[in-house]
Amino acid sequence: MITAISIGAVTIPVADVWTIVAHHITGQGATDDPALDQIVWNFRTPRVLLAALAGAGLAVAGAVLQTLVTNPLADPTVLGFSYGASFGAVLVITLGGIGIGGVGVAGAAFLGALATGAVVFALGRRRGRLAPTRLVLAGVAVGYVLLSATSFVQLWATPTELRTVMFWMLGSVAGAQWNQLPVVATIVLTCTALLGLFGRQLNAVLAGDESATALGVDVNRLRAVLLVITALLTGSVIAVAGGIGFVGLMIPHLVRLTVGADHRRLLPLTALLGAVYLVLVDLLSRTLIRPNELPLGILTALLGAPFFLWLLRRNKGLD
Amino acid sequence: MKLTVDHLHVTLDHNVILRDVSLQVRKGDIVGLVGPNGSGKSTLLRTVYRSLRPADGVVRVGGDDVWELSPRAAARRTAAVLQDTGGNTTGLTVTEIVALGRAPHHGLLGRDGPQDHDAISEAIDRCGVRPFAGRDYASLSGGERQRVLLARALAQEPQLLVLDELTNHLDIRARFELLDLIRATGVTTLAVLHDLDLAARLCDHLVILNDGAVAAAGPVLEVLTPDLLADVFGVHATTERHADGVIRITYAARPITGGGRPAPAGDSTKKDEARLARTTEH
């Protein structure tokens, strides 16, 4: 992380970064260069922290969703959460915050994700049960509707707004600020910790719904509770970091392929790898075409997919 | 632990699946639940392992109504091995599958202790799955998998075992080995079995379900009479105990045409099956 903070449009020696970060945490040994201090503490540190939080949150949400709906392709995008957030954000970017009672882009994205979660949840119910296939199909369908709506709204956008929209939809942690971090950190860390408690019950779901029931798991309630937590988690991440794709889909599989599917190992390692991965991707996104920046969404898949495919070829247990 | 099913009625999507079903499994007994496809066997099991709430009637395990117990408390009494195709066990080892049996013994904050490890280890040994305990469950043969699932059920330390077609798709040796294993557990068992010969070998008593109702119940030889086999299963057959003590069924060359099993019943069976398939698929 410290290394990631030191590299960027301006490269700062790791030792200086340590001094500055230590100064802000302990209040001792300030540097004499206010510009460096500004870059390190006000721009890069929150940015790297946000990347770590976003990576961990999206990856854990993906891992849980894949098990909940027994579908290896599930992630926050497939269940429509991401599209809901995009719609909310694009609405505010193009129409301005005035029409929606002064909610900012982040707030609109968060509400969009939660509202989509509620709709998918309602459509996925049948005779009081949340059926996995129904949930996925409802998520995909609602996602398409929101995608059309998002495109429709963009017809009224100016070129500048369009650029903002595109950058937002592909995801970026460039806008990270200290004042938004506490909220995001609280939600992401709480939700991740909560999801971690359900490891044993999620393992039981791997045996199938009926078997899990016979193992004493109230599958229907588990699905409802965990869907709410994952919607909250992804909503808060997407609200501040945009529609970062692929992390929620790929990181859980990567970890499964290496350490197996036991959620009590899978969830903590997925959070860790998700955090590390997104910090690295963000580092590349701001260094590859210095001093310009690439959106995260372009790099997450571009870097991750080949490695993932290589791992998939090596693994024989998936047939 | 004793199982009592009392005047059970089950309705799914306004279709009556079980009507006034009553049966008992005494402590330590192995009771076979047999009947044609769509007769309601799996539905009956679902009410026992607390997956399906009956419209009327009571299922008691050890004297308590299972719906008065919490899901975990019910699962500490009853373990089930089912034909469950909904899950995805890719990436779980045999030991991890067996360890699932400890789920009902823990809340959200519970971690595996020595007691859990002992229960898992003992179940692994009893079912003879030690040699492949570290392997991926998905890489096992059908017979090995069923033994692992039985080990998972035993790790639950149940007082009642519920088995749904445990021996399906297995070769004859694997079937016999599983029957021995079930007998050796000494746990009270209610087992759905398709193969009448296997049912006759394994069980102390049989309960015959036909079209959602109990057609007969009692000791194997008293139940599997030529008349019942003709009425319920539509075949001519005789049942007798052979010199080696095993009860065997001898079937006639052809099923009964016309008389034995009336056509409307056959049709409704088909419908029942389709309906069951739909409702279990979600």
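In this text, all values refer to a predicted model and were calculated from it rather than measured experimentally.

Basis of the calculations
Residues numbered from 1 in each chain as written. Chains lettered and ligands numbered in written order. Predicted model: local features only at pLDDT ≥ 70, side-chain atom pairs only at ≥ 80, totals over all residues. Heavy atoms only, no water. Pairing = 2+ DSSP bridges. Helix = DSSP H or I, 4+ residues; strand = E, 2+ residues; numbered from the N terminus. Buried < 20%, exposed > 50% of the residue type's maximum accessible area, 1.4 Å probe, protein only. UniProt positions renumbered as here; feature names shortened; annotations may be inferred. Salt bridge = Lys/Arg side-chain N within 4 Å of Asp/Glu carboxyl O. Contact = heavy atoms within 4.5 Å.

## Regarding the pairing of strand β10 (residues 213–219) of chain B
All names here are of chain B.
Then comes step 1: In terms of strand pairing, strand β9 (residues 205–210) meets β10 through six bridges, oriented antiparallel. Bridge pairing in β10 links L209 to V214.
Then comes step 2: Two successive antiparallel strands, β9 and β10, enclose a turn made up of two residues, where D211 displays a positive phi of approximately 50°.

## Describing unusual backbone geometry
All names here are of chain B.
Then comes step 1: Non-glycine residue D13 carries a positive phi angle of around 50°.
Then comes step 2: Tracing the sequence through the fold places D13 in the loop between β1 (3–12) and β2 (15–25).
Then comes step 3: On the basis of relative accessible area, D13 is assigned to the partly exposed category, the value being 33%.
Then comes step 4: For D211, which is not glycine, the phi dihedral falls at a positive 50°.
Then comes step 5: Inspection of the secondary structure puts D211 in the loop between β9 and β10.
Then comes step 6: Here D211 falls in the partly exposed class, since its relative accessible area comes to 32%.

## Things to note about the UniProt feature "transmembrane region" (unreviewed entry) in chain A
All names here are of chain A.
Then comes step 1: Per the UniProt annotation, the sites labelled "transmembrane region" (unreviewed entry) are residues 48–70, 90–123, 135–157, 177–198, 224–251, 266–284 and 296–313.
Then comes step 2: Within residues 135–157, the helical portion is 87% and the strand portion 0%, while the C-alpha atoms at the span's ends are 33 Å from each other.
Then comes step 3: Between the C-alpha atoms that bound residues 177–198 the distance is 32 Å, and the span itself is 77% helix and 0% strand.

## Some points on the pattern of salt bridges
Then comes step 1: Counting across every chain of the model gives 20 salt bridges over all chains.
Then comes step 2: The partner of E210(A) in a salt bridge is R46(B), and the shortest N-O contact between them spans 3.3 Å. On the criterion of chain membership, the pair formed by E210(A) in helix α10 (residues 209–214) and R46(B) in helix α1 (residues 41–48) is interchain, its members lying in two chains. Judged on exposure class, the residue E210(A) and its partner R46(B) are both buried.
Then comes step 3: D125(B) is the salt-bridge partner of R130(B), the closest N and O atoms lying 3.0 Å from each other.

## What to know about the side chain of E210(A)
Then comes step 1: Given the relative accessible area of 13%, E210(A) is considered buried.
Then comes step 2: Beyond its immediate chain neighbours, meaning those up to four positions away, E210(A) contacts R129(A), R46(B), Y49(B), S51(B), L82(B) and D84(B).

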